[in-house]
Amino acid sequence: MDILEKIIADKSREVALKKAIIPVSQLENSVLFNSRTNSLSKLLQSSTSGIIAEHKRKSPSKATINSSFTVEEVVKGYQNAGVCGISVLTDMKYFGGSLEDLLLARASVTIPLLRKEFIIDEYKLLEAKANGADVILLIAAILTRQEIKHLSEFAQSLGLEVLLEVHNEKELQKAIMPSLNMIGVNNRNLKTFEVSLSYSKELANIIPKEFVKISESGISNVSDVKELQSFGYQGFLIGENFMKTDNAGLAASEFIKQLQ
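## Re the overall build of the chain
Here comes step 1: Along its length, the chain carries 13 helices and ten strands.
Here comes step 2: Against the compact-globule benchmark of 18 Å for 260 residues, the chain has a radius of gyration of 17 Å, which places it among compact chains.
Here comes step 3: The principal-axis extents of the C-alpha atoms in the chain amount to approximately 50 × 40 × 35 Å.
Here comes step 4: When burial is assessed residue by residue, the chain has 56% of its 260 residues classed as buried.
Here comes step 5: Residue pairs in contact within the chain that sit at least 24 positions apart in sequence constitute 68% of those at least 6 positions apart.

Laid out in structure tokens, this is it:
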């Protein structure tokens, strides 16, 4: 069993346990559930930088990245830096995140928030809406076409935007459908953790133009972003590059200034 399979097995158990104690009605009655969401896709289309910064304490490949910041410090720093949106990891075991991180981020900033999670059940979409997310991530590698269709349409019905993550052409062709807003290419292979921007470059021309293109992971300098912009990418998800510094917000600010 590889790491991805382990994560999905854990998520299945997690969802079952949560459903047993927190009913859907409780999520639907939360203060944030009927709040208006912000469009990340529209911001990316009008932005000159397209940076989506990430709050990320650790990862399976890097162990601890940085756990010294508070969520408020990180996300306010990112917003002040001028990022288009913020990705918040909500997985505890592998990434050191939680739904509370998402909630605290929502209380701290007004820009779009992406719930970065391994979503396999609509329950997690309800959690996302109830805790202040504007965008959710669906990972093509762990879902069938029918599951992507069901989950993306359900997310749209909640007012959430959908970012679909792919790694290769097979996943992309399997998943293209009208209920997606953005398509992200993960430059990190989730099974081997190998990182290469070639994943984004190879898929650039076959992603339909109606979707906002986002390049995820492995982006460490301004030249990477400029090169990917020439391939038509409008969004760039960056996490470790900012989080490993002493001041994530300042690092993001300096990166964006160099880019512009």
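## Overview of the pairing of strand 8 (residues 182–186)
Here comes step 1: The element strand 8 is largely enclosed, with a buried count of five among its five residues.
Here comes step 2: Side chains Met182, Gly184 and Asn186 of strand 8 all project onto a buried face; the interleaved residues Ile183 and Val185 project onto the opposite face, where all are buried too.
Here comes step 3: Relative to strand 8, strand 7 (residues 161–166) runs parallel, the two sharing four bridges. Looking at the pairing, Val166 lines up with Val185 of strand 8.
Here comes step 4: Read from strand 7 through helix 9 (residues 169–175) to strand 8, the crossover connection turns out right-handed.
Here comes step 5: One ladder, built from five bridges, connects strand 8 with strand 9 (residues 212–216); its direction is parallel. By the bridge assignment for strand 9, Met182 is matched with Val212.

## What about the sheet that holds strand 5 (residues 113–116)?
Here comes step 1: The strand order around the closed barrel built from eight strands is 1-4-5-6-7-8-9-10, with neighbouring strands paired in parallel fashion. The average angle at which neighbouring strand axes cross in this sheet is 25 degrees, direction not considered.
Here comes step 2: Sheet topology places strand 1 (residues 51–55) next to strand 10 (residues 235–238); three bridges connect them, and they run parallel. Within the sheet, the bridge partner assigned to Ala53 lies in strand 10 and is Ile238.
Here comes step 3: Of the strands in this sheet, strand 1 and strand 4 (85–89) touch helix 4 (residues 71–81), which is tilted by about 175 degrees from strand 1.

## Digging into the side chain of Glu216
Here comes step 1: Position of Glu216 relative to the elements: it lies in strand 9.
Here comes step 2: Despite being buried, Glu216 has no salt bridge partner; Lys116 is the closest side chain of opposite charge, sitting 5.2 Å away.
Here comes step 3: When near neighbours in sequence (up to four residues on either side) are disregarded, Glu216 contacts Leu137, Leu163, Glu165, Gly184, Val185, Asn186, Asn187, Arg188 and Leu237.

What counts and how
- Residues numbered from 1 in each chain as written.
- Predicted model: local features only at pLDDT ≥ 70, side-chain atom pairs only at ≥ 80, totals over all residues.
- Heavy atoms only, no water.
- Helix = DSSP H or I, 4+ residues; strand = E, 2+ residues; numbered from the N terminus.
- Rg over C-alpha atoms; globule rule 2.2 N^0.38 Å.
- Buried < 20%, exposed > 50% of the residue type's maximum accessible area, 1.4 Å probe, protein only.
- Contact = heavy atoms within 4.5 Å.
- Pairing = 2+ DSSP bridges.
- Right-handed = clockwise from strand over helix to strand, strands pointing away.
- Axes fitted to C-alpha atoms, helices over the stretch in contact; angles between N-to-C directions.
- Lys, Arg positive; Asp, Glu negative; His and termini not counted.
- Salt bridge = Lys/Arg side-chain N within 4 Å of Asp/Glu carboxyl O.

Honestly, it's all geometry; don't read function into it.
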